[in-house]
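Architecture and fold: a report
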Amino acid sequence: MTTLFRRKAAAVAFTALALALTGGGIAVAQPAAQAPAEVAQPARQPGSGSQPAVTPAEARKAKAALAQGPSALATAPGTVASAVVSSGGTLLRGSPEAVSATRYGPGQYQVLFNYNVSLETFVATIGTTDPYNVPPGGEISVAPRLQTPNAVFVQTRNSSGTPADRPFHLVVAN
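Here's what I pulled together on the structure shown here. Treat the numbers as computed from the prediction; the structure is a model and nothing was measured.

1. Here we look at helix α2 (residues 56-68)
When the terminal C-alpha atoms of α2 are compared, their 19 Å separation across 13 residues agrees well with the 18 Å that a helix rising 1.5 Å per residue should span. Among all positions in α2, only Glu58, Ala62 and Ala65 are buried. In an axial view of α2, the angular spread of the buried residues amounts to 60°, which keeps them on one side of the axis. Along α2, exposed side chains directed more than 90 degrees from the buried face belong to Pro56, Arg60, Lys63 and Ala67. In this fold, the buried residues of α2 make contact with β3 (98-105) and β4 (108-113). One or two residues past the end of α2 sits Gly69, with phi positive at roughly 65°.

Written out as structure tokens, the structure reads:
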């Protein structure tokens with residue numbers, strides 16, 4: 001039994017040494033009494049991580065799209081819904097479940113579907129809306145749309161993190 005423990009201890013020690021030598025060691029953070037001003041997180045800017053309010057007209061449009069509903073096969077597990085949206089917020093193409101796209105302001109969009117997508121998986125990328133071109137650089141994030149279970153909120157930014165209009169491709173995996 002002690003031989004087994006010695007072998008395991010040797011293996012653990014060897015693994016720890018290998019990780020340390022390759023740069024994959026374990027780091028322990030020491031709490032600081034107070035973070036210096038130059039490394040403190042910047043204050044959250046108004047509207048930087050929030051979604052625009054849903055207007056009554058948008059709520060009616062979302063309810064109408066839900067009432068339209070998709071085909072039973074369209075929302076089956078393993079299927080996807082997709083949308084290609086221009087930087088101006090126009091829905092250019094996509095699956096039949098994609099109803100519309102709306103641009104709220106610089107880099108803020110909503111993509112509306114005809115079924116509840118609030119618990120689905122969203123994947124988006126900045127992409128071109130015409131063939132054979134390289135998309136502009138930038139960042140993209142997606143989230144369920146507040147108070148609208150059949151919509152996805154998309155936010156795009158330029159490479160420095162400033163909200164900017166970018167064309168994108170969105171996939172909702174069921």
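After that view of the structure, there is still more to cover.
2. Some details on the environment of Pro163
With respect to the helices and strands, the residue Pro163 is situated in the loop between β7 (151-157) and β8 (168-173). Sequence separation of Pro163 and Pro106 is 57 residues, and the distance between their C-alpha atoms is 5.6 Å.

3. So, the sheet that holds β3
Spatially, the four strands line up as an open sheet ordered β3-β4-β7-β6, and their pairing is antiparallel. What marks the edges here is a single partner per strand, and that holds for β3 and β6 (139-144). Each adjacent strand pair in this sheet contributes to an overall mean axis angle of 20°, direction not counted. Where β4 lies against β7, five bridges are found, and the strand directions are antiparallel. Bridging across to β7, Val111 finds its partner in Val152. Strands in contact with α2 are β3 and β4; relative to β3, the strand with the most contacts, it is inclined by about 165°.

4. Quick word on a nonpolar patch on the surface
Nonpolar side chains collect at one region of the surface, where Val80, Val123 and Val171 lie side by side and expose about 230 Å² of accessible area between them. Tracing the backbone through its elements, the reader meets Val123 in strand β5 (residues 121-126). Here Val123 falls in the partly exposed class, since its relative accessible area comes to 49%.

5. Structural notes on the sheet that holds β5
The strand order across the open sheet formed by four strands is β2-β1-β8-β5, and the pairing between neighbours is antiparallel. Each end of this open sheet is capped by a strand with a single partner; those strands are β2 (91-94) and β5. Averaged over neighbouring strand pairs, the angle between their axes works out to 20° when direction is ignored. One ladder, built from six bridges, connects strand β1 (residues 80-85) with β8; its direction is antiparallel. The partner of Ala81 across the bridge, within β8, is Val172.

Rules used throughout
Residues numbered from 1 in each chain as written. Predicted model: local features only at pLDDT ≥ 70, side-chain atom pairs only at ≥ 80, totals over all residues. Heavy atoms only, no water. Helix = DSSP H or I, 4+ residues; strand = E, 2+ residues; numbered from the N terminus. Expected span 1.5 Å × (residues − 1). Buried < 20%, exposed > 50% of the residue type's maximum accessible area, 1.4 Å probe, protein only. Arc of directions from axis to C-beta. Contact = heavy atoms within 4.5 Å. Pairing = 2+ DSSP bridges. Axes fitted to C-alpha atoms, helices over the stretch in contact; angles between N-to-C directions. Patch = residues over 30% accessible without salt bridge, like charges linked within 9 Å, V, L, I, M, F, W, Y side chains within 5 Å. Areas by Shrake-Rupley, 256 points an atom, 1.4 Å probe, with all protein chains shown as cover. Salt bridge = Lys/Arg side-chain N within 4 Å of Asp/Glu carboxyl O.

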